[in-house]
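# Secondary and tertiary structure notes
Below are the chains, spelled out letter by letter.
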Amino acid sequence: HLKLHLLMFREVLQGKIHQATVTEADVNYVGSITIDVDLMERAGFWPGQKVLVVSNTSGARLETYVIEGERESGRIGMNGAAAHLINAGEEIIIIGFCFSEKPIEPKAILVDKKNRFVKELLACLCEKRLQHGDRLFFSDTGGNFALMV
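The following paragraphs examine the structure supplied in this document. Note that the coordinates shown come from a computational prediction; the quantities given were computed from them, not determined experimentally.

### What about the overall build of the protein?
For the protein, the helix and strand inventory stands at two helices and 12 strands. Taking as baseline every contact in the protein between residues at least 6 positions apart, the subset at least 24 positions apart corresponds to 69%. Of the roughly 9400 Å² that the protein leaves accessible, carbon and sulfur atoms contribute 54%.

In structure tokens:
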């Protein structure tokens, strides 16, 4: 007899670049977001990968795809129609997701105002979770804990 195993895939956080500053916005470019390749690698992003871009400045949200920018340039460029929604100088979060049948260890990094790497934000949401009653505590790589109710 043939057994059928159903897999349930969920879209989960794969990586993010937190508090990046948009260095340029070019409406005449043919779409996408240009990201310093060093930051791409640290966040685990691939060229062509779909990402969600959220502006902490304006609240705008959009989906686009990643293209490589010059390594260690700090370049974060909004291209094409996205440049109408998010402008140079805005603070953004760039979030990548993937489909998985089990929890994964996301890569999340913090950058400074010049888009230079500062630190990793998440070590592992799975391993560093402590349960205390009905509240969960998540730890970042520095041993800081945030209460999640």
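### Observations regarding the nonpolar core
Ranked by size, the top nonpolar core spans 23 residues in total, and within it Ile 17, Ile 33, Ile 35, Met 78, Ile 92 and Ile 94 carry the most contacts. Contacts of Ile 33, omitting those with residues within four sequence positions, involve Val 51, Val 53, Thr 64, Tyr 65, Val 66, Ile 67, Ile 76, Gly 77, Met 78, Asn 79, Ile 92 and Ile 94.

### Quick notes on the packing of aromatic side chains
Applying the stated criterion across every chain, the model contains zero aromatic pairs. Here Arg 42 stacks its cationic end above the ring of Phe 117, 3.8 Å away from the centre of that ring.

### Digging into the side chain of Gln 14
Relative to the helices and strands, Gln 14 is located in strand β1 (residues 10-21). Engagement of the side chain of Gln 14 in a polar contact is seen with the backbone oxygen of Gly 44, the distance being 2.8 Å.

### Some words on the side chain of Ser 100
Position of Ser 100 relative to the elements: it lies in strand β7 (residues 91-100). Overall, Ser 100 belongs to the buried group, its relative accessible area being 11%. At 2.5 Å, the side chain of Ser 100 forms a polar contact with the backbone oxygen of Lys 102. Not counting the four nearest positions on each side in its chain, Ser 100 is found in contact with Met 8, Phe 9, Arg 10 and Val 12.

### Focus on unusual backbone geometry
Phi at Gln 19 takes a positive value of approximately 65 degrees, unusual for a residue other than glycine. Within the element layout of this structure, Gln 19 appears in strand β1. One non-glycine residue, Asn 115, adopts positive backbone phi at about 60 degrees. Tracing the backbone through its elements, the reader meets Asn 115 in the loop between β8 (107-111) and β9 (117-120).

### Re the pairing of strand β5 (residues 61-69)
Here strand β3 (residues 33-36) pairs with β5 via four bridges, running parallel. Bridge pairing links Ile 35 to Glu 68 in β5. Where strand β4 (residues 50-55) meets β5, five bridges bridge the pair, whose relative direction is antiparallel. Its bridge partner being in β5, Val 54 is matched across the sheet by Arg 61. Count of turn residues in the β4/β5 antiparallel hairpin: five residues, of which Gly 59 carries a positive phi of about 90 degrees.

### Quick word on the sheet that holds β3
If you trace the nine strands from one edge of the open sheet to the other, you get β2-β6-β3-β5-β4-β7-β1-β8-β9, paired in mixed fashion. Each edge of the open sheet carries a strand with a single partner, namely β2 (24-26) and β9. Taking the axes of each pair of neighbouring strands and ignoring which way they run, one obtains an average angle of 30 degrees across the sheet.

### Some thoughts on the environment of Asn 79
Mapping Asn 79 onto the fold places it in strand β6 (residues 76-79). Each C-alpha atom, one on Asn 79 and one on Ser 32, is 5.3 Å from the other, the two residues being 47 residues apart in sequence. Those residues within four positions of Asn 79 in sequence are excluded, and the remaining contacts are Asp 26, Tyr 29, Gly 31, Ser 32, Ile 33, Thr 34 and Ile 67.

About the cut-offs
Residues numbered from 1 in each chain as written. Predicted model: local features only at pLDDT ≥ 70, side-chain atom pairs only at ≥ 80, totals over all residues. Heavy atoms only, no water. Helix = DSSP H or I, 4+ residues; strand = E, 2+ residues; numbered from the N terminus. Contact = heavy atoms within 4.5 Å. Areas by Shrake-Rupley, 256 points an atom, 1.4 Å probe, with all protein chains shown as cover. Core = buried A, V, L, I, M, F, W, Y, C linked by side-chain atoms within 4.5 Å. Buried < 20%, exposed > 50% of the residue type's maximum accessible area, 1.4 Å probe, protein only. Phe/Tyr/Trp six-rings, centres within 6.5 Å; stacked < 30°, edge-to-face > 60°. Lys NZ or Arg CZ within 6 Å of the ring centre and 35° of its normal. Polar contact = N/O pair within 3.5 Å; in protein donor to acceptor, adjacent residues only side chain to side chain. Pairing = 2+ DSSP bridges. Axes fitted to C-alpha atoms, helices over the stretch in contact; angles between N-to-C directions.

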